[in-house]
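Breakdown of the fold
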Amino acid sequence: MLTPHPATCIPLTRVSLPHLPSIRSGVRQIASVSWKHGEVEFSTRIHRCGSWPSSSKFKFSRVSLNYKMFKHHRLPRCIAVKSELGGTDSAGVVRSFPELRLGSKMRGIGFYAATSFSAIFLFVLMAAAHPFVLLFDRYRRKTHHLVAMVWAKLTVSPFYKIDIKGLENLPPNDAPAVFVSNHQSFLDIYTLLTLGRSFKFISKTAIFLFPIIGWAMYLMGTIPLRRMDTKSQMDCLKRCMNLINKGASVFFFPEGTRSKDGKLGAFKKGAFSVAAKTGVPLVPITLVGTGKIMPAGMEGRVNFGSVKVVIHQPIKGSDPDTLCREARNVIENQLAVQ
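Not measured: the values here are computed from a predicted model. (Residues numbered from 1 in each chain as written. Predicted model: local features only at pLDDT ≥ 70, side-chain atom pairs only at ≥ 80, totals over all residues. Heavy atoms only, no water.)

1. Regarding the overall build of the protein chain
Within the protein chain, the regular secondary structure consists of 9 helices and 14 strands. Expressed as a percentage of the 338 residues in the protein chain, the buried residues total 45%. Within the protein chain, counting contacts between residues at least 6 apart in sequence, those at least 24 apart form 69% of the total. Accessible surface for the protein chain amounts to roughly 18,000 Å². Of this, 58% is attributable to carbon and sulfur atoms. (Helix = DSSP H or I, 4+ residues; strand = E, 2+ residues; numbered from the N terminus. Buried < 20%, exposed > 50% of the residue type's maximum accessible area, 1.4 Å probe, protein only. Contact = heavy atoms within 4.5 Å. Areas by Shrake-Rupley, 256 points an atom, 1.4 Å probe, with all protein chains shown as cover.)

2. Remarks on the UniProt feature "transmembrane region" (unreviewed entry) in the protein chain
Residues given the UniProt feature "transmembrane region" (unreviewed entry) here are residues 109-133 and 201-221. For residues 109-133, the end-to-end C-alpha separation is 34 Å, with 100% helix and 0% strand making up the annotated structure. Across residues 201-221, the secondary structure splits into 38% helix and 14% strand, with the terminal C-alpha atoms separated by 8 Å. (UniProt positions renumbered as here; feature names shortened; annotations may be inferred.)

3. Concerning the sheet that holds strand β9 (residues 199-200)
In any sheet, the strands associate via hydrogen bonds between backbone groups, in a parallel or an antiparallel arrangement. The 6 strands lie next to each other as β7-β14-β13-β8-β12-β9, forming an open sheet whose pairing is mixed. Two strands lie at the open edges of the sheet, namely β7 (161-165) and β9, each paired on one side alone. Both strand β8 (residues 178-181) and strand β13 (residues 282-288) contribute to a ladder of 4 bridges, which runs parallel. Residue F179 lies in a different strand from β13, and its bridge partner there is V283. Of the strands in this sheet, β8, β12 (249-252) and β13 touch helix α7 (residues 270-278), which is tilted by about 155 degrees from β8. (Pairing = 2+ DSSP bridges. Axes fitted to C-alpha atoms, helices over the stretch in contact; angles between N-to-C directions.)

4. A look at the pattern of salt bridges
Evaluated as defined, the whole model comprises 7 salt bridges. Two residues, K142 and D174, come together in a salt bridge whose shortest N-O distance is 2.4 Å. Residue K142 is found in helix α3 (residues 142-156), and its partner D174 is found in the loop between β7 and β8; the two are separated by 32 residues along the sequence. The exposure class of K142 is partly exposed, given its relative accessible area of 32%. Assessed through its relative accessible area of 44%, D174 is described here as partly exposed. Between R258 and E299 there is a salt bridge, with its nearest N and O atoms 2.4 Å apart. Here R258 is found in the loop between β12 and α7, whereas its partner E299 is found in the loop between α8 (290-293) and β14 (306-311), with 41 residues between them in sequence. (Salt bridge = Lys/Arg side-chain N within 4 Å of Asp/Glu carboxyl O.)

5. Side note on the nonpolar core
A general trend in soluble globular proteins is that nonpolar side chains are found buried together. Counting 36 residues, the largest nonpolar core has F111, Y160, F179, L192, F251 and I285 as its most contacted members. Broken down by secondary-structure element, the contributors of at least two residues to this core are α2 (98-136), α3, α4 (187-193), α5 (213-220), β13 and β14. (Core = buried A, V, L, I, M, F, W, Y, C linked by side-chain atoms within 4.5 Å.)

6. Describing the packing of α7 against helix α9 (residues 320-336)
Where α7 contacts α9, the two axes come as close as 8 Å, and the packing angle between them is 125 degrees. Considering the angle they form, α7 stands oblique to α9. Crossing handedness for the pair α7 and α9: right-handed. Facing α7, whose interface residues are F272, S273, A275 and A276, α9 presents P320, L323, C324 and A327. Split by residue class, the contact of α7 with α9 holds 7 nonpolar, 1 polar and no charged. (Parallel < 35°, antiparallel > 145°, perpendicular 65-115°, else oblique. Left-handed = near helix turned anticlockwise from the far one by under 90°. Nonpolar A, V, L, I, M, F, W, Y, C, P; charged D, E, K, R; others polar.)

Next comes the structure, spelled out in structure tokens:
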């Protein structure tokens, strides 16, 4: 049988059932079970398996789930499972690791403590240099990005290692370009800042209200965007093209939001329209591992792991659709081999 363990939880909802080709056809009355990639995500009451072999019986103890959560793929991540499936696992094995969960939370506390402590002191340095930056380097703001790089490295270096491939594919630092990347985690920004490139990110306007971090983003020239506002979107694209014409680079996450399952989402065309209209190189970047260290929706935890950054060869063209397709294929292929 399969029963959730009441005392402990792990940040997983999946239990491997390699011998079962389908679960929906074999289970009666189960309202909140999904099957994908050889794994089952579940939680409901005791049910019987009608079409499975008679020797295979499963019991699911009730937990606080409902059909709406299942329908919208919002199953909770915190379930521990005890497996007594004959032939698939050792009887009595309890899949619960409370020490790992606690360790991830403690690392999360340490991560935010480190980023806050370093940000306070470095923001003072950034604010002091800001008048000179506006006077001598209004568009690129290299000094601010240097401070941001130091801040990012101080924050992430105690918690995960970054392996960067393809640095030779980066355009010269003074040459404007459009950078695009997949988006998996809150850690993506920290990871990209360690590259030391002075590109302008695009961020939700609400982030600018955060003390210290939001203020630093403003000083760096981060471009604000109201996602559901068409006028704001057009203003954002115009500002990006203006910055490129002034010699600065811009950075887009063309998926528009973080991936919940690690899969690459559909790309929006804004970044590729900017690259096509301005004629600057488009540089695709693949981020691997940030979503495992800090998954979307679990920003309070920092798991163990490492991150790989792959910088691909620049792409040039005048057709936004072609640029979008080529960049997405490059990133998708890189994710597939990891």
